[in-house]
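Structural characterization, general
Each chain is listed here by its residues.
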Amino acid sequence: MSSERVRVAILDDYQNVAFKFADWSSIQDRLVIDSFPDTTADEDVLVKRLQPYTIICAMRERTKFRASLLDRLPNLRFIATTGPYNAGIDVEHAKTKGIVVSGTGGKGNSTLEHIWALILATVRYIVVEDARTKASATPWQSTIPMGIAGKTLGLVGVGRLGSATGHIAKAFGMEVIGWSPNLTPERAEGAGVTFISTKEELLRRSDIVSIQMVLSERTYHMITAADLALMKPTAFFINTSRGPLVDERALVQVLQEKRIAGAGLDVFEEEPLPPDHPLRKLSNVTPSPHMGYVSDDNYEAFWGQTVENIAAFLDGRPTRVIGVKG
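So, here is what we can say about the structure in this document. Just so it is clear, the structure is predicted and the values come from calculations on it, not from any experiment. (Residues numbered from 1 in each chain as written. Predicted model: local features only at pLDDT ≥ 70, side-chain atom pairs only at ≥ 80, totals over all residues. Heavy atoms only, no water.)

On to the overall build of the protein chain. Looking only at helices and strands, the protein chain features 11 helices and 12 strands. At 22 Å, the protein chain has a C-alpha radius of gyration in line with the 20 Å of a compact globule built from 326 residues. Taking the principal axes of its C-alpha atoms as reference, the protein chain extends roughly 65 × 50 × 35 Å. Relative to its full complement of 326 residues, the protein chain shows a buried share of 49%. Partitioning the intrachain contacts of the protein chain with sequence separation of at least 6 by distance along the chain shows that 64% fall at a separation of at least 24. For the protein chain, the exposed area adds up to about 15800 Å²; of that, 52% sits on carbon and sulfur atoms. (Helix = DSSP H or I, 4+ residues; strand = E, 2+ residues; numbered from the N terminus. Rg over C-alpha atoms; globule rule 2.2 N^0.38 Å. Buried < 20%, exposed > 50% of the residue type's maximum accessible area, 1.4 Å probe, protein only. Contact = heavy atoms within 4.5 Å. Areas by Shrake-Rupley, 256 points an atom, 1.4 Å probe, with all protein chains shown as cover.)

Here the structure, examined in full by the defined rule, presents 16 salt bridges. A salt bridge links D44 to R72; its shortest N-O distance comes to 2.9 Å. Of this pair, D44 sits in helix 1 (residues 43-50) while R72 sits in the loop between helix 2 (67-70) and strand 4 (78-81), and the two are 28 residues apart along the sequence. Overall, D44 belongs to the partly exposed group, its relative accessible area being 48%. R205 is paired through a salt bridge with E175; the nearest N and O atoms lie 3.1 Å apart. Taken together, the residues R205 in helix 8 (residues 199-205) and E175 in strand 7 (residues 175-179) connect sequence positions 30 residues apart. Under the relative-accessibility criterion, E175 is labelled partly exposed at 34%. (Salt bridge = Lys/Arg side-chain N within 4 Å of Asp/Glu carboxyl O.)

In this approach a probe as big as a water molecule rolls over the atoms, and the regions it shows empty are the leftover space. Estimates place the volume of the second largest pocket at around 150 Å³. Around the second largest pocket sit Y125, V128, T143, K258, I260, A261, S283 and N284, which together line it. Split by residue class, the lining of the second largest pocket holds four nonpolar, three polar and one charged. (1 Å grid on protein atoms, 1.4 Å probe; cavity = no way out; pocket = protein on both sides within 12 Å on 5 of 7 lines; lining within 4 Å. Points joined across faces, edges and corners; volume = space filled by probe spheres on them. Nonpolar A, V, L, I, M, F, W, Y, C, P; charged D, E, K, R; others polar.)

This paragraph deals with the sheet that holds strand 1 (residues 6-11). Judged by pairing direction, the sheet is parallel, and its five strands sit side by side in the order 2-1-3-4-5 without closing on themselves. With one partner strand each, in any of the chains shown, strand 2 (31-36) and strand 5 (100-102) form the two edges of the open sheet. With direction set aside, neighbouring strand axes in the sheet form an average angle of 20 degrees. Examined bridge by bridge, strand 1 and strand 3 (residues 55-58) share three bridges and lie parallel to one another. By the bridge assignment, I10 is partnered in strand 3 with C57. The strands touched by helix 11 (residues 296-314) within the sheet are strand 1, strand 2, strand 3, strand 4 and strand 5, with strand 3 carrying the most contacts at an inclination of about 160 degrees. (Pairing = 2+ DSSP bridges. Axes fitted to C-alpha atoms, helices over the stretch in contact; angles between N-to-C directions.)

What follows deals with the environment of P74. As for its position among the elements, P74 is in the loop between helix 2 and strand 4. Taking the C-alpha atoms as reference points, P74 and G147, 73 residues apart in sequence, are found 57 Å from one another.

This is a description of form; function is not addressed.
See the structure below:
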């Protein structure tokens, strides 16, 4: 590339960690870098903001790069995304525009750790009691946690992450059952999970339901109002995968009417969650701001490899390029 400095936009770095977790010194004199930590879904705003940039650093799927946006960014030549893939980027269309997309690896087990942090915080009312203790509230105790030994964990999705979640559940003495559209008895047995033939049966039997599915057109709103109505009134619902897997309006209504015991949610239909969203105000919801992939180890991998990917692109040898299906 030419000796002129290349303009780089870092998007959605909420905690301004890009420079904390990576050493940019090897390429900094070749770049002009701007950071935009505020996420917007308004395409016109994005076009105005991003038009001058040759390189864009995308944090996971926080900003969506659909074909319509890519068509309006004539200077864009390289997207460096964190993670090995990004469903928010139309990679196939990017390729037709001559835009290279590279990803990164990760490090550690952040998502698995967060799943169990959220499950335990939810069923043991840790957040509720933390707030009451700090407020000097009386009485000294106000909730009765659900003991999970002997209870049933229902996994919607039994891939790598679901299997690992189930393995930990067994350490707590839980029964683990699983269902997904493509799960077979043989795969369930290999994962150490009891095969359940229908989603409805899993929801009826589970004391805790945890979703580990990839969002696609086929899985959008795969958990419906009718599905939620099948859950026990004492059951808890956990979602650390993607918000749109669940009909969020239906979930809000179920929680408002206290037809289930509660929910632990790390993901939402719209992120960041709007300030006036009802899920922010419900006492039977334990929310976290999509922290499942966030850890010091993961950020070191994300941003360290992002710097490597930008350097490789500048040198004309792109690396970790995300492929195109078909």
